[in-house]
Structures are given as structure tokens and as C-alpha cells.
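For reference, the chains in residue letters:
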Amino acid sequence: MIVFKTFLRIVKKCIFPIILYTVILVLFSSINISTEDNNMNFTASKPDIYIINNDKYEGITKSLIDYMSVNSNIIELKDTKEAKDDAIFYRDVNFIMEIPANFNEEYLKGQELEIKIETTGDYPSVQAKNLLNRYLSTARIYQHLNLNEEDLIKKVNATLENKVNIEITSGLDTNALTKTATYYNFLNYAFLAGSIYVICLVLSSFKNENIKKRTLISSMKVNRFNRNLLLSNSLFAFILWLIYVILSFILVGETMFSMHGLIYIINSFIFAICTLCIAFLLGNTIKNKDAINGIINVIALGSSFLCGAFVPMEYLPKSVLNMAHILPSYYYIKNNNLISTLETINLISLKPIILNMLILLIFAIIFIVITNIITRRTRN
């Protein structure tokens, strides 16, 4: 009980940093969650194009221009090279197409004259190019049927008017799951920083020479003292983890009441065990309290950046991810991302997630073994 009371006194001094890390977790995850909400609102857009027609506005030429006009935004420019170059450079237009003279006449004869194009190279320009290619390839197919010009244009227009209806049959709420993954990914930093700070501070305080001497002359055995200290730190880590899980229910909502939410909680709990072992190892290694903040920056911030907590894994260079394999955070965050893509939950789909959880437990065992080796040497 004495150990636990002393532990509580030290923890009270750490309330501000714990609140700070929690605020950072809530703030950054909330910002990213709201950003993802905005990204999920898809609005179809049309490319901005400029058409130069050197042919008569009739037949295939007219049909092509009309098709491009319906599916694009037609921009008016001065017919000068400087105006066109400026429009492309400043992204006033995405796509410029120039229809050559006698295009309609030569096309009906089977000769396809080149349509010159200039693009900005971005997505809208690719979209405009696809529209042009779609019209020309469709017209070429019907041309092989030896139809007259009027029938050819009717067939082409009828084909291009056909649209495919896409029905989403998946019941997976990817938006909600992505939000949950974002929160639990940010938890990597908050939990690592909070646990390491408090546990290292507690262990370094108990290493004080005066406290050591009092412990030795007291009636409490060393094993019991260490056991009480371990239980106190474990209880703190559990309470901190529980607070962050409760916060996830508040910030994310319904997803946390599903099977996906349960897997997120289990994954974070196993990571909490691993983090506790990391903190114990560091706490038994660090002698200087002033070094704790530096250690937090290196481990908590470093692993968060390298393993995809702050920047999504898909945006990180392959060399960085290869290096991140040596860190427990990589497997924890990778699991969060995998959970967000689970269509069905069964033993087969959970296999890679379970494997990553086992790796986290192996990391925890390794840290415990190293801690025992260090403590034995220091006693000797």
C-alpha cells in the first residue's frame, strides 16, 4: 500500500503532461477525421477545354465537337499561340484540341487525320483525352459497317449516350472505419508518450538513493516491493488505455460498437502491453530524469512519423517502411489499417491481424527479458 500511495503522489505531478498528450490526440485525430469527411464527398467535374476547328461545322466534325461540349466546359481563348500557351501554363484550360481542315471528309473516306492536342498533364486533361479517344474509337468501329454519314453519327451518339449504372453492394462503411483507424493511429503517439513519461519518472524516483535505503531497511521484501511497483505501473497503463478507448467511443461513435470496433480495442490493448514493457525497460535504464523528455521525442515522435501514425503508410517511402519493421508501432498501425479494410470477419481474414498481434507480444517478451538482464546486472 505504501508503494501504491507513493506511486499516486508521483502520478499526480504528471497530470499536466498526460492531459497535454490527450488533448493532442483528440485535437489531431478530430482534425483528420473532419478532413476525411470532406474528402468522402465526391463531386463529378468536367475538364476545361478549348477547341480549334479548322474544318466545317458539319457531319462527324460537328458530332465530335457537340460530344466534347456536352461532357466538358468549353473555354473561349484568343486564337494565338501566346494565349494558348498561357492558358495551359496557368491551368485556365486543361486540354486544347485542334481539328484539322477536311477532317470530316477524310474521316468518311477511311483516312483519320491527326487531331493535335496540348494538355496540362493533370487528371482533368486525361479525362478530356479519354473523351476524345472514346468518340474516335467508337466512330471507327461503326465506320467498318459501311454506314452512310447520317446513320454513322446516329449509331455513335446512341452508343456514347449509354451509361453504366454502378451499384455498391458492399455493406462496409469505409468512411467510419477510416476515421476509427485515424484515431487509433494517433493513439500510438499519445499512449507511448504518456506511458513512457509517467513510468520512467516513477521508476527513476524510486531509484533515488534515500528511497533505496528506506526500502532496504523496511520490513517489505524486495520481491514484494517490485511486484507492487509493477502492479501500480500496470494499473496506470490500463487506466490510461481505458480512457483513450472511451474517448474513441465519443469521437468515432457507432463503429466502436461493431466487431471492427472490438478488434480495434483488442489491437490497442496488446499494443498497450507492449508499450508498458517498453516503458519498464527505459525506466530501468534511464537514471537522469532530465533525459525522459528527450527519450519521449525519440521513441514516441520518431515511431509515429516512421510507422504511419501521422503520415499514412501509403505516402511513406518504401525505404522508411522497411526501416519501420523493427518498431512495434509499425505492426500496431498496420493492423489498424488492415481492420479498416475488413469486408468479412473470419479466421482467414483475421490471420494477418493476429500475426501482427503475436509480433507485438513477442516484442513485449523481448523487452521483459532485456529488462530482467539489466536489473540483475545493476543489482550485482
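*Asks:* So what about the pairing of strand β1 (residues 48-53)? Which residues, and what values?
*Replies:* Note that β1 and strand β2 (residues 73-74) share two bridges and pair parallel. In the strand pairing of β2, I49 is matched with I74. In this fold, β1 hands off to helix α3 (residues 59-71), which returns the chain to β2; that crossover is right-handed.

*Asks:* Let's hear about the pattern of salt bridges: which residues, and what values?
*Replies:* Tallied over the full model, the rule gives five salt bridges. D85 is paired through a salt bridge with K81; the nearest N and O atoms lie 2.9 Å apart. Placement of both D85 and K81 in helix α4 (residues 81-89) is noted, with a separation of four residues, approximately one turn of the helix. On the basis of relative accessible area, K81 is assigned to the exposed category, the value being 60%. K154 is the partner of E150 in a salt bridge, and the nearest nitrogen-oxygen pair spans 3.5 Å. In this pair, E150 and K154 both sit in helix α7 (residues 149-161), four residues apart, roughly one turn of the helix.

*Asks:* Lay out the environment of D290 in plain terms, naming residues and giving numbers.
*Replies:* Its location among the elements puts D290 in the loop between α11 (259-285) and α12 (292-307). For D290, a relative accessible area of 68% puts it in the exposed group. The spatial distance from the C-alpha of D290 to the C-alpha of L201 is 9.5 Å, given a sequence separation of 89 residues.

*Asks:* So, the packing of aromatic side chains: which residues are in play, and what are the values?
*Replies:* Pairs of aromatic rings are described using the distance from one ring centre to the other and the angle between the two planes. If you walk through the whole model with that rule in mind, you get 16 aromatic pairs. Note on F186 and F310: the rings are 5.5 Å apart at their centroids and 45° apart in plane angle, and the pair reads as tilted. Highlighted residues: F186 in helix α8 (residues 174-206) and F310 in the loop between α12 and α13 (318-324), separated in sequence by 124 residues. Seen in terms of ring centroids, F305 and F310 are 4.8 Å apart; in terms of plane orientation they differ by 75°. Their pairing is edge-to-face. The class for F305 is partly exposed, based on a relative accessible area of 45%. With relative accessibility at 23%, the residue F310 sits in the partly exposed group. The rings of F186, Y189, F305 and F310 are connected pair by pair, giving a single aromatic cluster.

*Asks:* Could you give me a rundown of the nonpolar core, with the residues and numbers involved?
*Replies:* Core analysis: the largest hydrophobic core is formed by 69 residues, its most contacted members being Y183, Y184, L187, F191, I196, Y244 and I296. Elements represented by at least two residues in this core include exactly α2 (15-39), α8, α10 (222-252), α11, α12, α13, α14 (328-339) and α15 (347-379). The dominant element in this core, judged by the number of residues it contributes, is α8, at 19 residues. L64, L132, L136 and L160 belong to the second-largest nonpolar core, a separate cluster that totals 24 residues.

Rules used throughout
- Residues numbered from 1 in each chain as written.
- Predicted model: local features only at pLDDT ≥ 70, side-chain atom pairs only at ≥ 80, totals over all residues.
- Heavy atoms only, no water.
- Pairing = 2+ DSSP bridges.
- Helix = DSSP H or I, 4+ residues; strand = E, 2+ residues; numbered from the N terminus.
- Right-handed = clockwise from strand over helix to strand, strands pointing away.
- Salt bridge = Lys/Arg side-chain N within 4 Å of Asp/Glu carboxyl O.
- Buried < 20%, exposed > 50% of the residue type's maximum accessible area, 1.4 Å probe, protein only.
- Phe/Tyr/Trp six-rings, centres within 6.5 Å; stacked < 30°, edge-to-face > 60°.
- Core = buried A, V, L, I, M, F, W, Y, C linked by side-chain atoms within 4.5 Å.

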